[in-house]
Every structure is written in C-alpha cells, then in structure tokens.
Amino acid sequence: MAIALLFLVFAILLVIGVPVAFALAAASLAALLYLDLPSVVMVQQISAGTGSASLIAIPLFIFAGEIMMRGGISERLISLASSLVGRMRGGLGQVSILSSLFFGGVSGSAIADVSAVGGTMIPQMVKRGYDRDFAVNVSITAALVALLVPPSHNLILFSAAAGGGLSIARLFAAGIMPALLMTAALMVTGYVVARHRGYGTEPFPGWRAVLVRLVSALPGLGLVALIFVGIRAGIFTAVESAAIAVVYALLVTVVLYRQLRLREFRETVVHAARSTGVILFVIATAAVFGWLLAYLQVPAAAVEFLQSFAHDKFMVLLMIIIMLLLLGTFMDLAPMILICTPIFLPVAKAYGIDPIHFGLVLVLTGGIGLVTPPVGSVLFIGTAIGKITIAQSMRTIWPFWLAGLCVLLVVAFFPQVSLWLPDLLA
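- Under an unreviewed UniProt entry, the name given to the protein is TRAP transporter large permease protein, and the organism recorded is Pseudoxanthomonas daejeonensis.
- Comment text from UniProt for the protein, heading Sequence similarities (unreviewed entry), reads "Belongs to the TRAP transporter large permease family."

This is how it looks when you write it as structure tokens:
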C-alpha cells in the first residue's frame, strides 16, 4: 500500500503539472506519514542526498559550459564544422550535427547544446531555404550527443545515484564511442532526408580556411582534452577537473577570445546558478524518494518481477529500455536518472550487466525522451527557436528518432561499443 501511495501521489502531481521536485517531495512525505515514520527522516535524507562531494562537479561544469557558450566558442565551433562537412548534401544540417558533437564536449548538456547551436543554426537554415521542421529536427536530435561526451553532468548524476562507487573517468570514456556512433547515424539520416528534399550544399572554403578555423576553435576543444586526459591520468579528480574547467573557460573567453564582457558574465552567473538550483533541488527530493524505494524493497521486487518474465539478460535489458522510454515521455532526464537508478541498477547487476554499460543505456534512453512529447524539454526549446508547433515537428522527426533508437539498441545489445574504450584505457 505504501508503494502504491508513493507512486500514485507522484504520478497524479506530475499529470496536473506540479514540478518534478515538488511532486517527489510530496509523494515521499505522504509515504512517510502513512508508514508512521518521523518526518525528520525527510530532512536527513535531503541532507544526505546533497552531501556527496562528487556533486560539486555538476554546478562547476554547468558554469564552465555557460561561460564557453557566451564567450564566443559556439560560433568558432560552428565555423569549424561548416568548413569540414558543409559541402555534404544538406550541408547546414550536417554542420549542426557536427557542431553539437563539438559543443557537447564543452557544455555536457543537451539543453545548452540546442540553445547555443540550435539558436544559431536553425535561423541560418531557415534563411538558406531549409524547411523549418528539418532544421528543428536535426538540431534537437543532434543535441542528444551532448549527453554522452565528457563532461556530461548526467553521467556524473548517474554515478551519484548509483552510490558514488562508479568511476566517473570510466563513464566519460564509455560515452565517447556511442557519441561518435550517434553522430554518424544522424549525419547519414540527415544526408538521406536532405537528398530526398533536394537541399543543396555549402561551398568548400579551402584547406587554408579549415586550418585557420581549427586553430581558432582549438582552445575551446582543448577543454574536452583537459578534462578527459586529466581525469584518466589521475592528475585530478572529477571535482578538481570541474574547477579547472571554470578557470580555463574564463581564461579562453576573457583573455584569448576577449568576448565575455561584464554584462555577459553576470548573465552567465545567474543562468548557471538557476540551473544548478533546479538540479540540486531535484537531487535532494529524489534522495528521499530513493531512500523510500530501498526501505520498501522496491529494487528486490523489481528483480523478482522481471525474473518471472525473462531469464536472459538482454531480454531484461530490452524490457527496462521499453519502460524507460515510456517514462521518458513525461519525465525529464535528471529526475529519471535519480529515480530509476536505485530501481533498475540492482536488476542489471543481478543479471550480470556491467553498471557502466547500464549507465550509458539509461542516459541515452532518457535522452530520447527529451525529444519525445509531451514532456520533452529539448523538443520544446527547439520548436520555440524554429517557431513551429510540436505537432509539425513530430510529423517528420521519425527518421531521426529511429536513427537514435537504432543507436540505443546497438549500444544496449553490443556492450563493447561502450566498454571497449574504458577497458583499453584501464
């Protein structure tokens, strides 16, 4: 009864439009009162949930990404991508996809990616004669790459939700090959759709221009190398790398690029603080929710339930993916990671699924939910930038959505796609 009450209150509040953090808190409090547990447990679990030192990396990476986004790096990355792939069919669409890969390594956020790259590329594509739905669909699905490449704060969040015992360095390494696979799949899809619609190409600026743009963009791309190599080599921890990323971002945008003025810096601080506050509030309330799941033995029940249907680990993984895809239609990625990790990670471990591999599957599945209605935050931002309705986007997004789903299934059923690089670097 307590489990039913917990999920029922949470679901009802979500349906009527209550923010996720408040819905988590209210559902947890209702279950605590029903179980006649002292309400101080809620305060204790909130404190414990936000007390992990590894969580400090999240606001710092968000801040570094905001600095780079407003400091001129996005324009340089788009310019570099344009010189590399602009001459392909549907050139600006290909530029948007490759730019998202580059910028994802700076921001680590799909929302920041679609805001920065999509905010620039969608109007450019519309101006050059591309259909609005194509411009939006390319940009929002390309933003999913940012969830997989370092410094993805969603992978850090998964590590924290898993109890903090997973190596963030291994998670970062595990995301690189799936990110490249997703980029390639979306570029092929973009080429096919562009050819069908008769879109043109961009002129090649010459190898000299490519070299100049590469040199201009290298300081921004250096942030990815700094974070990844530094953590892998054991020079600094994830939290230390996040602090160094902030200092590095300030040096690049203020001293080298000279584009981050005082006004932009204030906007950066405000926006980063707002994003951090939202994420940490969700983490705090999800900690109580997760503690109740463990107290009520929901993970053990989930294992028992799935064992009654399937005995093969890949069949179990497929069932988990289907459930996560359904959850992703009405739940944002961060709360989904925090709620589902305590439930499904024990199931994955019980069937011999590597926790690092499972983390990539969970984040990628939740990412597809970000471009799926009714609660797809990346979808909302992209359609707002492109000035089209969600229905207009949904009518033609299916080739890109299927490409993302195919990548998800490849990553899920061929674990070495994500585990090969971490094992190689071990």
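1. Observations concerning the overall build of the protein
Then step 1. When you go through the protein residue by residue, the secondary structure sums to 21 helices and zero strands.
Then step 2. Rg of the C-alpha trace for the protein: 21 Å, near the compact-globule value of 22 Å for 426 residues, within the 12% margin.
Then step 3. Projected onto the principal axes, the alpha-carbon positions of the protein cover approximately 70 × 45 × 45 Å.
Then step 4. The burial tally for the protein puts 54% of its 426 residues in the buried class.
Then step 5. Intrachain contacts of the protein at a sequence separation of at least 6 include 78% that bridge at least 24 residues.
Then step 6. For the protein, the exposed surface amounts to about 17200 Å²; the carbon and sulfur share of it is 69%.

2. Structural notes on the packing of aromatic side chains
Then step 1. One pass over the full model with this rule turns up eleven aromatic pairs.
Then step 2. Taken together, a centroid distance of 5.4 Å and an interplanar angle of 50 degrees make the contact between Phe 10 and Phe 289 tilted. On the criterion of sequence distance, the pair formed by Phe 10 in helix α1 (residues 2-15) and Phe 289 in helix α13 (residues 262-295) is long-range, its members being 279 residues apart. Here Phe 10 and Phe 289 have matching classes, each one buried.
Then step 3. Residues Phe 158 and Phe 358 carry aromatic rings whose centres are separated by 6.5 Å and whose planes lie at 50 degrees to one another, so their mutual orientation is tilted. Note that Phe 158 is positioned in helix α9 (residues 153-161) and Phe 358 in helix α17 (residues 355-369), a separation of 200 residues in sequence.
Then step 4. Taken together, the ring pairs connect Tyr 130, Phe 134, Tyr 199 and Phe 400 into an aromatic cluster.
Then step 5. Over the ring of Tyr 257 we find Arg 76, and its NZ or CZ is 3.8 Å from the ring centre.

3. Focus: helix α15 (residues 313-328)
Then step 1. With 16 residues, α15 ought to run about 22 Å at 1.5 Å a step, and its terminal C-alpha atoms sit 22 Å apart, in line with that.
Then step 2. Residues of α15 that are buried include every one of Val 316, Leu 317, Met 319, Ile 320, Ile 321, Leu 324 and Gly 328, and no others.

4. Remarks on the side chain of Thr 285
Then step 1. Tracing the sequence through the fold places Thr 285 in helix α13.
Then step 2. Its relative accessible area of 2% is what places Thr 285 among the buried residues.
Then step 3. Contact partners of Thr 285, with chain neighbours within four places excluded, come to Ala 21, Leu 24, Ala 25 and Ser 28.

5. Topic: the nonpolar core
Then step 1. Membership of the largest hydrophobic core comes to 153 residues, with the highest contact counts inside it found for Phe 10, Phe 134 and Phe 358.
Then step 2. With 13 residues, helix α10 (residues 168-197) is the largest single contributor of residues to this core.
Then step 3. Sequence-distant contacts of Phe 358, that is, excluding residues within four places in its chain, are made with Phe 158, Leu 317, Ile 320, Phe 344, Leu 345, Ala 348 and Ile 353.

6. Looking at the packing of helix α8 (residues 132-142) against α10
Then step 1. Close contact between α8 and α10 brings their axes to 11 Å; oriented N to C, the two are set at 175 degrees. Between α8 and α10, the interaxial angle falls into the category roughly antiparallel. Contact with α8, carried on its side by Asp 133, Phe 134, Thr 141 and Ala 142, involves Leu 186, Gly 190, Val 193, Ala 194 and Arg 197 of α10 and no other residues of that element.

7. Some words on the pattern of salt bridges
Then step 1. Under the criterion given, the structure shown has four salt bridges.
Then step 2. Notably, a salt bridge pairs Arg 197 with Asp 131, separated by 3.1 Å at the nearest N-O pair. Here Arg 197 is found in helix α10, whereas its partner Asp 131 is found in the loop between α7 (110-127) and α8, with 66 residues between them in sequence.
Then step 3. By relative accessible area, which is 36% here, Asp 131 ends up partly exposed.

8. Here's the deal with unusual backbone geometry
Then step 1. Geometrically, the link from Pro 150 to Pro 151 is a cis peptide bond, its omega value of 5 degrees lying close to zero.
Then step 2. One non-glycine residue, Asp 36, adopts positive backbone phi at about 60 degrees.
Then step 3. The topology assignment puts Asp 36 in the loop between α2 (20-34) and α3 (40-49).

9. Here's the deal with the environment of Ala 225
Then step 1. Residue placement: Ala 225 occurs in helix α11 (residues 207-232).
Then step 2. As for Ala 225 and Gly 105, which are separated by 120 residues in sequence, their C-alpha atoms are 9.0 Å apart.

10. Concerning the side chain of Ser 152
Then step 1. Mapped onto the elements, Ser 152 comes out in the loop between α8 and α9.
Then step 2. When its relative accessible area of 0% is taken as the criterion, Ser 152 is described as buried.

11. Focus on α10
Then step 1. Under the 1.5 Å per step criterion, the end-to-end length of α10 is 42 Å for 30 residues, consistent within 8% with the ideal 44 Å.
Then step 2. Near the N-terminus of α10, the side chain that reaches the backbone nitrogen of Ala 169, with its oxygen 3.3 Å away, is that of Ser 167.
Then step 3. Phi turns positive one or two residues past the end of α10, at Gly 198, with a value near 80 degrees.

12. Quick look at the environment of Asp 133
Then step 1. Relative to the helices and strands, Asp 133 is located in helix α8.
Then step 2. With 14 residues separating them in the primary sequence, Asp 133 and Leu 147 have C-alpha atoms 23 Å apart.
Then step 3. Those residues in contact with Asp 133, other than ones at most four positions away along the chain, are Arg 197, Ile 388, Gln 392 and Thr 396.
Then step 4. In terms of polar contacts, Asp 133 uses its side chain to reach the side chain of Arg 197, at 3.0 Å.

13. A few points about a nonpolar patch on the surface
Then step 1. Residues Met 177, Leu 180, Trp 420, Leu 424 and Leu 425 make up a contiguous nonpolar surface patch of roughly 460 Å² in combined accessible area.
Then step 2. Elements that contribute at least two residues to the nonpolar patch include exactly α10 and α21 (416-425).
Then step 3. Looking at the nonpolar patch, the element that brings in the most residues is α21, giving three residues.
Then step 4. Position of Leu 425 among the secondary structure elements: in helix α21.

The rules we used
Residues numbered from 1 in each chain as written. Predicted model: local features only at pLDDT ≥ 70, side-chain atom pairs only at ≥ 80, totals over all residues. Heavy atoms only, no water. UniProt positions renumbered as here; feature names shortened; annotations may be inferred. Helix = DSSP H or I, 4+ residues; strand = E, 2+ residues; numbered from the N terminus. Rg over C-alpha atoms; globule rule 2.2 N^0.38 Å. Buried < 20%, exposed > 50% of the residue type's maximum accessible area, 1.4 Å probe, protein only. Contact = heavy atoms within 4.5 Å. Areas by Shrake-Rupley, 256 points an atom, 1.4 Å probe, with all protein chains shown as cover. Phe/Tyr/Trp six-rings, centres within 6.5 Å; stacked < 30°, edge-to-face > 60°. Lys NZ or Arg CZ within 6 Å of the ring centre and 35° of its normal. Expected span 1.5 Å × (residues − 1). Core = buried A, V, L, I, M, F, W, Y, C linked by side-chain atoms within 4.5 Å. Axes fitted to C-alpha atoms, helices over the stretch in contact; angles between N-to-C directions. Parallel < 35°, antiparallel > 145°, perpendicular 65-115°, else oblique. Salt bridge = Lys/Arg side-chain N within 4 Å of Asp/Glu carboxyl O. Polar contact = N/O pair within 3.5 Å; in protein donor to acceptor, adjacent residues only side chain to side chain. Patch = residues over 30% accessible without salt bridge, like charges linked within 9 Å, V, L, I, M, F, W, Y side chains within 5 Å.

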